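In case you want the letters, here they are:
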Amino acid sequence: MKVAIPCNSRKELVSLDKAESIIIYDDSDGSIRESENPGFGSKEATMSIILRQEPDVIAVKGGVLCPGSYMMSLGIIKYAIVNSENADDIIKNKEYKNAKTELPEELFAENE
């Protein structure tokens, strides 16, 4: 299973538009690949970059996604609602194991 984690420079999970890098963790072999995010500044552009890397799961919490990025990815990848802030902790605690095919609206709705 490949898990995408959008991160800042401190490897903390952040909203897609603030992700300076994208970590792809492969739990089948334990490999971790980190790449710079050319979509920085846009949630939809970042989701497009993530989808091209063909992960099975993306780590999320409230505010990571927006309606557009959610709709882009719905049915393509699963969503792991995580408690940890740090990518290393998300991986260590295997918070991606109970990934869902859909999210409650409050996790991707934009606040007015």
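Keep in mind the model is a prediction, meaning the values are calculated, not measured.

**Structural notes on the nonpolar core**
Here is step 1: Grouped together as the largest cluster of nonpolar side chains are 33 residues, with contacts concentrated most on Ile5, Ile58, Leu65 and Leu103.
Here is step 2: Of all the secondary-structure elements, those providing two or more residues to this core are strand 1 (2–7), strand 2 (21–26), helix 1 (43–52), strand 4 (57–60), strand 5 (78–81) and helix 3 (87–92).
Here is step 3: Apart from the residues within four sequence positions on either side, Ile58 is in contact with Ala4, Pro6, Leu16, Met47, Ile50, Ile77, Lys78, Tyr79 and Ala80.

**Observations regarding the pattern of salt bridges**
Here is step 1: Inspection of the entire model under this criterion finds six salt bridges.
Here is step 2: Its salt-bridge partner being Glu12, residue Arg10 comes within 3.1 Å of it at the nearest N-O pair.
Here is step 3: Given a relative accessible area of 56%, Arg10 falls into the exposed group.
Here is step 4: Residue classification places Glu12 among the partly exposed residues on the basis of a relative accessible area of 27%.
Here is step 5: With a closest N to O distance of 3.1 Å, Lys97 and Asp27 form a salt bridge. One end of the pair, Lys97, is in the segment after helix 3; the other, Asp27, is in the loop between strand 2 and strand 3 (31–36), and 70 residues separate them in sequence.

**What about the pairing of strand 4?**
Here is step 1: Along strand 4, one buried face is formed by Val57 and Ala59 and the opposite face, lined by Ile58 and Val60, is buried too.
Here is step 2: Summarising the sheet, strand 4 and strand 5 pair through four bridges and their orientation is parallel. Residue pairing in the sheet places Ala59 in a bridge with Ala80 of strand 5.
Here is step 3: Regarding the hand of the β-α-β motif, the stretch spanning strand 4, helix 2 (residues 67–73) and strand 5 is right-handed.

**Considerations on the sheet that holds strand 3**
Here is step 1: Read across the sheet, five strands follow the order 3-2-1-4-5 without closing on themselves; strand pairing throughout is mixed. Each end of this open sheet is capped by a strand with a single partner; those strands are strand 3 and strand 5. Taking each pair of neighbouring strands and ignoring which way they run, the sheet shows an average axis angle of 25 degrees.
Here is step 2: Across two bridges, strand 1 lies against strand 4 in parallel orientation. Each residue of the ladder has a partner; that of Ala4, found in strand 4, is Ile58.
Here is step 3: Relative to the sheet, helix 1 contacts strand 1, strand 2 and strand 4, its axis offset from that of strand 2 by approximately 30 degrees.

**Side note on the environment of Gly30**
Here is step 1: Within the secondary structure, Gly30 sits in the loop between strand 2 and strand 3.
Here is step 2: The exposure class assigned to Gly30 is partly exposed, which follows from its relative accessible area of 41%.
Here is step 3: Sequence spacing of Gly30 and Val14 is 16 residues, and the spatial spacing of their C-alpha atoms is 22 Å.

**Considering the packing of aromatic side chains**
Here is step 1: If you walk through the whole model with that rule in mind, you get three aromatic pairs.
Here is step 2: Here Tyr25 and Tyr96 contribute two aromatic rings whose centre-to-centre distance is 5.9 Å and whose plane-to-plane angle is 55 degrees, an arrangement assigned as tilted. Of this pair, Tyr25 sits in strand 2 while Tyr96 sits in the segment after helix 3, and the two are 71 residues apart along the sequence. Judged on exposure class, the residue Tyr25 and its partner Tyr96 are both buried.
Here is step 3: Ring geometry for Tyr70 against Phe108: centres 4.0 Å apart, planes inclined by 15 degrees, an arrangement best described as stacked. A residue pair is termed long-range when its members are at least 10 positions apart, and Tyr70 in helix 2 and Phe108 in the segment after helix 3 qualify at 38 residues.
Here is step 4: A residue is classified by how much of its surface remains accessible, and Tyr70, at 4% relative accessible area, is buried.

Rules behind the numbers
- Residues numbered from 1 in each chain as written.
- Predicted model: local features only at pLDDT ≥ 70, side-chain atom pairs only at ≥ 80, totals over all residues.
- Heavy atoms only, no water.
- Core = buried A, V, L, I, M, F, W, Y, C linked by side-chain atoms within 4.5 Å.
- Buried < 20%, exposed > 50% of the residue type's maximum accessible area, 1.4 Å probe, protein only.
- Helix = DSSP H or I, 4+ residues; strand = E, 2+ residues; numbered from the N terminus.
- Contact = heavy atoms within 4.5 Å.
- Salt bridge = Lys/Arg side-chain N within 4 Å of Asp/Glu carboxyl O.
- Pairing = 2+ DSSP bridges.
- Right-handed = clockwise from strand over helix to strand, strands pointing away.
- Axes fitted to C-alpha atoms, helices over the stretch in contact; angles between N-to-C directions.
- Phe/Tyr/Trp six-rings, centres within 6.5 Å; stacked < 30°, edge-to-face > 60°.

Everything listed here is a matter of coordinates, which is why it stays silent on function.
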